[in-house]
Amino acid sequence: MTKSEALFERACKVIPGGVNSPVRAFGSIGGTPRMIRKADGTHMTDEDGNTYLDFVNSWGPMILGHNHPVIREAVVKACEDGLSYGAATAREVEMAELICSFVPNVDMVRMVNSGTEAVMSAIRTARGYTGRDKIVKFMGCYHGHSDALLVQAGSGVMTAGVPDSAGVPRGCTRDTLSAVYNDVSSVERLFEAFPEEIAAVIVEPVGANMGVVPPAPGFLEALRKLCDRYGAVLIFDEVITGFRLGFTGAQGYFGVDADLVTYGKIIGAGMPVGAYGGKREIMQKVAPVGPVYQAGTLSGNPVAMAAGLAQLTLLKEHPEVYTELNEKGAWFYGEVKKLVEASGLDAQTTSCGSLGCIFFTATPVCNYETAKTSDTGLYAKYFNHMLSHGIYLAPSQFEAMFLSAAHTREELQGVLDVMQEFFRR
């Protein structure tokens, strides 16, 4: 028995499923989760000493690679001053100023501790600002595990949501409406049915929790117009795309301004942190200056802020990182697409910047329903083939592949060679 297997056996006795987040589970692809001991640059090493070229990157935030020396030094220095104060600090002010100075349409920011918290708080703020209750989300877009957003992807966009998790009362989702990603007409019908009841539309500008599904041309622009027409708040969930597609996130990448934006662990360089921000008139509804209550004892943690400031400052000082990373993504995913097409397999390659995904289906993927046509059994074989060659991918068909600035062309070419071996089987 390997050390990872032994640790997992112990974990299953004291942790539900042996993991502290379902995305780490290997249930859908078989085998045992690798227990990671350390990571540096583009590689992770497990408890058995096996090293893997990593394409999960802590689910996105390691845009500069693991254990970057400048970020590590900032964390160590911050720790010397204490781990937590539960009081205001200069670093959280600097973080807010940095975000507001670069991100379009963000005038004020509130720090929280996770992406789930950020989204939950942004929705409450939108409801408080508009005085309305209903929200529109899209099937296949994940916005954290708060009750109102755990809604099953049903077929009827005109009906309120059905809870997608045990323990969520039906009443919690009665004001959550589901629309079809990349289908503007499904949103129009909801607004026509509830013209004065919808507080907000929340969307992942790039669907990255059903694999990677980019927005169709004009989709985000149409959402902006609909929200303007009906007086609703447009929320971009940029927990994945924020500071990854570019310093201005999806708003700048696609040229569409949202009213509120949510961020996740990328602004903490991988540490547990989140934030939401937006237009001043909306954010001033948040306590203590407004009636929308939201609090977090450890929000703006000084160590997390130090890590995030170090990473974002590096990106600010070296904007070429984004140019090179997106060019690398275009080349790499373009080569993957060529391999897929040459293989004759029923598969699709999708990508946006440094995010990408392979779907094992003959159906072009544009939304949740088409993503679900993917052959997850074949993905499991693909995953295990790659893992056996020291390449660590997400243990699920419906997650993104993340490139980092640290990945070299030589490493990526090696990955392409391993992929080609699989596709030739």
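## As for the sheet that holds strand E13 (residues 391-392)
Part 1: The strand order across the open sheet formed by four strands is E1-E2-E3-E13, and the pairing between neighbours is mixed. The sheet terminates laterally at strand E1 (36-40) and E13, the two strands that pair on one side only.
Part 2: Sheet topology places strand E3 (residues 51-54) next to E13; two bridges connect them, and they run parallel. By the bridge assignment for E13, Leu53 is matched with Ile391.

## Focus: the pattern of salt bridges
Part 1: Summed over all chains, the structure comprises seven salt bridges.
Part 2: Between Arg224 and Asp228 there is a salt bridge, with its nearest N and O atoms 2.8 Å apart. Here Arg224 and its partner Asp228 are both found in helix H6 (residues 219-230), four residues apart, which amounts to about one turn of the helix.
Part 3: A salt bridge links Lys372 to Glu369, with the shortest nitrogen-to-oxygen separation between them at 3.5 Å.
Part 4: Residue Lys372 is classed as partly exposed on the basis of its relative accessible area of 40%.
Part 5: Members of the salt-bridge network, linked through shared partners, are Arg224, Asp228, Asp259 and Lys279.

## What to know about the environment of Met35
Part 1: Looking at the element boundaries, Met35 is found in the loop between helix H1 (3-14) and E1.
Part 2: A C-alpha to C-alpha distance of 22 Å links Met35 and Tyr379, two positions 344 residues apart in sequence.
Part 3: Sequence-distant contacts of Met35, that is, excluding residues within four places in its chain, are made with Ser4, Leu7, Phe8, Ala11, Asp46 and Glu47.

## Quick notes on the pairing of strand E12 (residues 355-359)
If a strand is regular, its side chains alternate between the two faces of the sheet.
Part 1: With five of five residues buried, E12 lies mostly within the body of the structure.
Part 2: Here E12 shows no split at all, with Leu355, Cys357 and Phe359 on one side and Gly356 and Ile358 on the other all buried.
Part 3: In the sheet, strand E11 (residues 348-352) pairs with E12 via five bridges, with the strands oriented antiparallel. By the bridge assignment for E12, Ser351 is matched with Gly356.
Part 4: Count of turn residues in the E11/E12 antiparallel hairpin: two residues, of which Gly353 carries a positive phi of about 65°.
Part 5: Pairing analysis gives two bridges linking E12 to strand E14 (residues 401-402), with the strands arranged antiparallel.

## Some remarks on the packing of aromatic side chains
Part 1: Counted under the stated rule, the structure contains 19 aromatic pairs.
Part 2: Relative to Phe383, the ring of Phe26 has its centre 5.4 Å away and its plane inclined at 85°; by these criteria the two rings are edge-to-face. With Phe26 in the loop between H1 and E1 and Phe383 in helix H12 (residues 376-388), this residue pair connects regions lying 357 residues apart in the sequence.
Part 3: Owing to a relative accessible area of 3%, Phe26 belongs among the buried residues under this scheme.
Part 4: Assessed through its relative accessible area of 0%, Phe383 is described here as buried.

## Remarks on the pairing of strand E2 (residues 43-46)
Part 1: When E1 meets E2, the two strands line up antiparallel, connected through four bridges. Following the sheet pairing, Asp40 is matched in E2 by His43.
Part 2: The hairpin turn running from E1 into E2, its antiparallel successor, is two residues long, and Gly41 in that turn takes a positive phi close to 65°.
Part 3: Sheet topology places E2 next to E3; three bridges connect them, and they run antiparallel. Bridge pairing in E3 links Met44 to Tyr52.

Criteria and thresholds
Residues numbered from 1 in each chain as written. Predicted model: local features only at pLDDT ≥ 70, side-chain atom pairs only at ≥ 80, totals over all residues. Heavy atoms only, no water. Pairing = 2+ DSSP bridges. Helix = DSSP H or I, 4+ residues; strand = E, 2+ residues; numbered from the N terminus. Salt bridge = Lys/Arg side-chain N within 4 Å of Asp/Glu carboxyl O. Buried < 20%, exposed > 50% of the residue type's maximum accessible area, 1.4 Å probe, protein only. Contact = heavy atoms within 4.5 Å. Phe/Tyr/Trp six-rings, centres within 6.5 Å; stacked < 30°, edge-to-face > 60°.

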